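Given next are the chains, with one letter for each unit.
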Amino acid sequence: MNSLIRSTARCLRSGAAVYPPRQADGRVWSASARFLCASAGLQKDLGEMVKKDKVVVFMKGTPAQPMCGFSNAVVQILRMHGVDDYAAYNVLEDSELREGVKTFSNWPTIPQVYFSGEFVGGCDILLQMHQNGDLVEELKKLGISSALLEAEKESK
C-alpha cells in the first residue's frame, strides 16, 4: 500500500494527474493511480520519442527481423528510398507501448510511421505515398534525399 501512495504522490508532483470519470450516480470508477500515472507518463514519453529522430517507426519486430508483413513492407519501402537511419521500436516487446502508441496517434494498427514528430500513418499510407511520389517530397522536407531519385538521375 505504501508503494501505491508513493507512486501516486510522484504522479501528482509530476503534473500527470488524471481524474477518473464519474458514474451517473456520482461514484468514481475505481482505477489504479499507478496505471493513470503510467499512462500519462507514457504519452509524454511517446511525444518525446517521435520527436527525437527524423523518422520513427513503431513496428512488430525489428528492421532486421520484421515479425509481420505490414512492418516488413514499411521497412522495405524505407530501404528502397535509402532511409536506413531511423528509430524503430518493437511493440511486441512491450504491450504497454503497443497500446500506448495506438492511443497516442489515435490510429488502431501497427506499424506506425512518424516524420519529425508528426504522425504519417501506417503501412497503407506509406505505400500510397511511395506509389504516388509524395514520399520523395516528404523525405526531402526532412533533408533526406531519396535513393530512388539518385537511381533515376543515374539512368538518364
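Refer to the structure presented above.
Worth saying up front: this structure is predicted, and the values here are computed from it rather than measured.

(A) Here's a closer look at helix H3 (residues 69-80). If you check H3, its first and last C-alpha atoms are 16 Å apart, about what twelve residues at 1.5 Å a residue would give, namely 16 Å. The secondary structure elements touched by the buried residues of H3 are strand S1 (55-59), strand S3 (112-115), helix H5 (123-132) and helix H6 (134-141). The first or second residue beyond H3 is Gly82, which carries a positive phi of 80°.

(B) Focus on H6. When we look at burial in H6, the residues that qualify are Leu135, Val136 and Leu139. What you see down the axis of H6 is that its buried residues fit within an arc of 105°, all on one side. Just downstream of H6, Gly143 is the residue with a positive phi angle, here 85°.

(C) The arrangement of the environment of Glu99 in detail. Looking at the secondary structure, you find Glu99 in helix H4 (residues 95-105). With relative accessibility at 46%, the residue Glu99 sits in the partly exposed group. Residues Glu99 and Thr109, ten residues apart in the sequence, show an inter-C-alpha distance of 9.6 Å.

(D) How the structure looks around the packing of aromatic side chains. On inspection of all chains with the given rule, the structure shows five aromatic pairs. Relative to Tyr89, the ring of Phe58 has its centre 5.2 Å away and its plane inclined at 20°; by these criteria the two rings are stacked. You can see Phe58 sitting in strand S1 and its partner Tyr89 sitting in strand S2 (residues 87-90), a full 31 residues away along the chain. Of the two residues examined, Phe58 and Tyr89, each falls in the buried class. Consider the rings of Phe58 and Tyr114, whose centres lie 5.8 Å apart with planes at 80°: the pair is edge-to-face. On the criterion of sequence distance, the pair formed by Phe58 in strand S1 and Tyr114 in strand S3 is long-range, its members being 56 residues apart. In terms of burial, Phe58 and Tyr114 fall into one category: buried. Cluster of aromatic residues (ring-pair linked, three or more members): Phe58, Tyr89, Phe104, Trp107, Tyr114 and Phe119.

(E) Summary view of the packing of H3 against H5. Between H3 and H5, the least distance of the axes is 9 Å, while the angle of their chain directions is 30°. Between H3 and H5, the crossing angle belongs to the class labelled roughly parallel. Like other packed secondary-structure pairs, H3 and H5 cross with a definite hand, here left-handed. Of H5, the residues touching H3 (which contributes Phe70, Ala73, Val74, Ile77, Leu78 and Met80) are Cys123, Leu126, Leu127 and His130. Here the contact of H3 with H5 is built from residues that sort into nine nonpolar, one polar and no charged.

About the criteria used
Residues numbered from 1 in each chain as written. Predicted model: local features only at pLDDT ≥ 70, side-chain atom pairs only at ≥ 80, totals over all residues. Heavy atoms only, no water. Helix = DSSP H or I, 4+ residues; strand = E, 2+ residues; numbered from the N terminus. Expected span 1.5 Å × (residues − 1). Contact = heavy atoms within 4.5 Å. Buried < 20%, exposed > 50% of the residue type's maximum accessible area, 1.4 Å probe, protein only. Arc of directions from axis to C-beta. Phe/Tyr/Trp six-rings, centres within 6.5 Å; stacked < 30°, edge-to-face > 60°. Axes fitted to C-alpha atoms, helices over the stretch in contact; angles between N-to-C directions. Parallel < 35°, antiparallel > 145°, perpendicular 65-115°, else oblique. Left-handed = near helix turned anticlockwise from the far one by under 90°. Nonpolar A, V, L, I, M, F, W, Y, C, P; charged D, E, K, R; others polar.

The values are spatial; any link to function lies outside them.
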